Amino acid sequence: MSGRDEYFMRLALEQAKLARDHGDFPFGAVMTWRGELLVECENGESQQADVTAHAEMIAIRAACLKLARRDLSDCEIFSSTEPCPMCSAAIFQSNVKRVVFGLYRDDLPHIFRRRRIRIAELATDWDYKPEVIGGVLRDEAKPPFEGLKLPLRVVPHYHKSI
């Protein structure tokens, strides 16, 4: 892990804190372009009333608009938490070359359903292989989740170990 990774991860964690302050779950993402900050985004599911408004999805959309293209192969994404399957698919579709995240899904069993397939495994099934690095500033990523309960969109019956 480099100091550069820590710097951008801290920016993503700041976005996660903003999301919680704004009434959303504390997820944040930062997109870089050629090593420079391109966009910073917070989770907006509640604020935008949009289940696809995950921080990573918003970051990908914003990066595509700023760069006026869908190919983000010269970009990296830093996410406060391991990207979900929807965000992972968008990351792969846009050819993001590197994914760095803080918390693993398993770090938040009270929030997430367990999944067998993770971003690193999904990446092996794609036609290109983005670099995936997890656990960056893991301990610093946990505090915004303290006191949070099961999300309303998750039906408790389905929220169990597999």
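Up top is the structure.
Note that this is a predicted model, so its numbers are computed, not measured. (Residues numbered from 1 in each chain as written. Predicted model: local features only at pLDDT ≥ 70, side-chain atom pairs only at ≥ 80, totals over all residues. Heavy atoms only, no water.)

Engineer: Can you help me understand the overall build of the chain in this one?
Structural biologist: The number of helices and strands found in the chain is six helices and five strands. Traced from its N-terminal end to its C-terminal end, the chain shows the element sequence α-β-β-α-α-β-α-β-α-β-α. Counting across all 162 residues of the chain, residues that qualify as buried make up 49%. Restricting the contact set of the chain to residue pairs at least 6 apart, pairs at least 24 apart contribute 62%. When the accessible surface of the chain is totalled, it reaches about 8300 Å², and 54% of it is carbon and sulfur. (Helix = DSSP H or I, 4+ residues; strand = E, 2+ residues; numbered from the N terminus. Buried < 20%, exposed > 50% of the residue type's maximum accessible area, 1.4 Å probe, protein only. Contact = heavy atoms within 4.5 Å. Areas by Shrake-Rupley, 256 points an atom, 1.4 Å probe, with all protein chains shown as cover.)

Engineer: So what exactly am I meant to see when it comes to the packing of aromatic side chains here?
Structural biologist: Each aromatic ring pair is summarised here by two numbers: the centre-to-centre distance and the angle between the ring planes. Applying the stated criterion across every chain yields a total of four aromatic pairs. Ring geometry for Phe 27 versus Phe 145: centroids 5.4 Å apart, planes at 55 degrees, classification tilted. Taken together, the residues Phe 27 in the loop between helix H1 (3-21) and strand E1 (28-33) and Phe 145 in the segment after helix H6 (138-141) connect sequence positions 118 residues apart. When sorted by exposure, Phe 27 lands in the same class as Phe 145, which is buried. (Phe/Tyr/Trp six-rings, centres within 6.5 Å; stacked < 30°, edge-to-face > 60°.)

Engineer: Looking at this structure, how should I read the pattern of salt bridges?
Structural biologist: Two side chains of opposite charge can pair, provided their charged atoms sit close to one another. Evaluation of the coordinates by the stated rule reveals eleven salt bridges. One salt bridge in this structure joins Arg 4 and Glu 76, with 2.4 Å as the shortest N-O distance. On the criterion of sequence distance, the pair formed by Arg 4 in helix H1 and Glu 76 in strand E3 (residues 75-81) is long-range, its members being 72 residues apart. By relative accessible area, Glu 76 is classed as buried at 7%. When salt bridges with common partners are traced through the structure, they connect Arg 4, Asp 5, Glu 76, Arg 98 and Glu 131 into a single cluster. (Salt bridge = Lys/Arg side-chain N within 4 Å of Asp/Glu carboxyl O.)

Engineer: Mind showing me how you'd approach the side chain of His 54 here?
Structural biologist: Among the secondary structure elements, His 54 is positioned in the loop between helix H2 (45-48) and helix H3 (55-67). Of the polar contacts made by the side chain of His 54, one reaches the backbone oxygen of Val 51; its length is 3.3 Å. Residue contacts for His 54: discarding those within four places in its chain leaves Asn 43, Glu 45, Cys 84, Met 86 and Cys 87. (Polar contact = N/O pair within 3.5 Å; in protein donor to acceptor, adjacent residues only side chain to side chain.)

Engineer: Where do I start with the nonpolar core in this structure?
Structural biologist: Nonpolar side chains in soluble globular proteins tend to be buried together. Core analysis: the biggest nonpolar cluster contains 25 residues, and Met 31, Leu 38, Ile 60, Leu 72, Ile 77 and Ile 91 have the highest contact counts within it. Breaking this core down by element, the ones donating at least two residues are E1, strand E2 (36-42), H3, E3 and helix H4 (85-93). Not counting the four nearest positions on each side in its chain, Leu 72 is found in contact with Met 31, Ile 60, Ala 63, Cys 64, Leu 67, Ser 94, Asn 95, Val 96 and Lys 97. Among the nonpolar cores identified, the runner-up in size contains 18 residues, and Leu 13, Val 30, Leu 137 and Phe 145 belong to it. (Core = buried A, V, L, I, M, F, W, Y, C linked by side-chain atoms within 4.5 Å.)

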